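If you want the building blocks of each chain, they are given just below.
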Amino acid sequence: MNSNASLTSHFWVCAYPFVETTLFLVPALSPDAALASATSIELYDADGALSNEVELDFPAGQVGILELDSIMGGCKLESGLKHGHMLVRSPAGTSPYLRMHTREGAALIGEPAAFGADRSTFFPLTMDEGRSYYLTVVNHGKAQAALKCRLFCAKRSPETLISIPAFGSRVISLENEFAEYSAESGKQMQAYLRLSTKSETTLGVQLLERTEGKNEGGIFYAVS
């Protein structure tokens with residue numbers, strides 16, 4: 001294994017007000033793992049401004065853990081959340097994950113799905129009371145991107161266009177964005193979301209599902 005090789009990963013991260021986020025770096029199971037380089041992090045705020053840079057060097061063979069609230073102080077609020085785009089360069093063979101947790105539960109989340117102008121991507125939805133969805137988007141590139149979101153529900157297919165700043169991030173509440181198409185009270189509706197872009201950059205997208213709980217934060221899950 002080349003000890004200088006590295007893995008580049010892009011994540012949507014959030015620190016306030018409902019969710020706390022932790023980065024886990026699971027080490028490679030390799031005899032050369034001890035020779036691997038340190039992990040570096042670039043943190044961009046929602047508008048794409050570089051907010052923080054961190055270098056981490058964990059003992060070989062141990063899982064690295066970083067509470068992201070400690071490095072996100074410089075990120076501004078957008079859509080009522082302190083969130084951003086985290087670029088992680090870790091030793092080849094390692095597996096980075098996020099754990100997002102509220103007062104009521106936690107979910108282990110992988111890297112958002114990457115796509116570009118050459119293809120679309122889809123997410124299934126089950127729309128009913130007590131369940132809401134948040135689409136999170138990070139822009140991997142140096143140019144602003146436009147993301148088209150089309151919701152297919154029954155015979156309707158409304159769409160909206162979202163602008164994502166270079167290196168920035170956005171979080172979209174589907175319940176608010178498509179409020180007039182939400183399921184009727186007490187009824188469940190199957191739908192799906194189609195995402196596409198004509199921008200010449202790579203986008204990372206992830207759908208988070210929130211189920212209501214006793215406390216304000218609820219419980220979040222990543223929808224694959």
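In the block above lies the structure referred to throughout.
Residues numbered from 1 in each chain as written. Predicted model: local features only at pLDDT ≥ 70, side-chain atom pairs only at ≥ 80, totals over all residues. Heavy atoms only, no water.

Draft legend 1. Layout of unusual backbone geometry. For S79, which is not glycine, the phi dihedral falls at a positive 60 degrees. Positive phi, normally seen in glycine, also occurs at A154, with a value near 55 degrees. Locating A154 in the fold gives a position in the loop between β13 (145–153) and β14 (159–164). (Helix = DSSP H or I, 4+ residues; strand = E, 2+ residues; numbered from the N terminus.)

Draft legend 2. Structural view of the packing of aromatic side chains. Throughout the structure, instances matching the rule amount to three aromatic pairs. Each ring, one from Y44 and one from F167, has its centre 5.0 Å from the other, and the planes form 15 degrees; the classification is stacked. Placement of Y44 in strand β3 (residues 39–45) and of F167 in the loop between β14 and β15 (169–173) is noted, with a sequence separation of 123 residues between them. A residue is classified by how much of its surface remains accessible, and Y44, at 9% relative accessible area, is buried. Ring geometry for F122 and Y192: centres 5.8 Å apart, planes at 55 degrees, overall tilted. Here the residue F122 occupies a position in strand β11 (residues 121–127), and Y192 occupies one in strand β16 (residues 189–196), the gap between them amounting to 70 residues. You can call F122 partly exposed: its relative accessible area is 45%. According to the relative accessible area criterion, Y192 is partly exposed, its value standing at 35%. Feature note: the residues F122, F152 and Y192 constitute an aromatic cluster, connected by ring pairs. (Phe/Tyr/Trp six-rings, centres within 6.5 Å; stacked < 30°, edge-to-face > 60°. Buried < 20%, exposed > 50% of the residue type's maximum accessible area, 1.4 Å probe, protein only.)

Draft legend 3. Examining the sheet that holds β13 more closely. With antiparallel pairing, four strands are arranged side by side in an open sheet as β11-β16-β13-β14. Every interior strand has two partners, whereas the edge strands, β11 and β14, have only one. On average, each strand axis in the sheet is tilted by 25 degrees relative to the strand beside it, whichever way the strands run. Alignment of β11 against β16, held across seven bridges, turns out to be antiparallel. Its bridge partner being in β16, M127 is matched across the sheet by M189. (Pairing = 2+ DSSP bridges. Axes fitted to C-alpha atoms, helices over the stretch in contact; angles between N-to-C directions.)

Draft legend 4. Representation of the state of the cysteines in the model. Tallied over the full model, the rule gives zero disulfides. The thiol sulfur of C14 is not disulfide-bonded, and the nearest other cysteine sulfur, from C75, lies at 9.7 Å. (Disulfide = S-S within 2.5 Å.)

Draft legend 5. Broad picture of the sheet that holds strand β5 (residues 64–67). Pairing within the open sheet is antiparallel, and its four strands lie in the order β5-β2-β8-β9. Only two strands of the sheet have a single neighbouring strand rather than two, namely β5 and β9 (106–109). Taking the axes of each pair of neighbouring strands and ignoring which way they run, one obtains an average angle of 20 degrees across the sheet. Relative to strand β8 (residues 95–101), strand β2 (residues 20–26) runs antiparallel, the two sharing seven bridges.

Draft legend 6. Region of the structure containing the nonpolar core. Core analysis: the biggest nonpolar cluster contains 27 residues, and I41, L68, M86 and L98 have the highest contact counts within it. Where this core is concerned, the elements lending two or more residues are β1 (6–16), β2, β3, β4 (50–56), β7 (81–91), β8 and β9. Here this core takes five residues from β1, the largest share from any one element. The contacts of L68, once residues within four sequence positions are left out, are V13, T21, L23, M86 and L98. Grouped together as the second largest cluster of nonpolar side chains are 24 residues, L125, C153, A191 and L193 included. (Core = buried A, V, L, I, M, F, W, Y, C linked by side-chain atoms within 4.5 Å. Contact = heavy atoms within 4.5 Å.)

Note that every value here comes from positions in space, so none of it alone points to a role or purpose.
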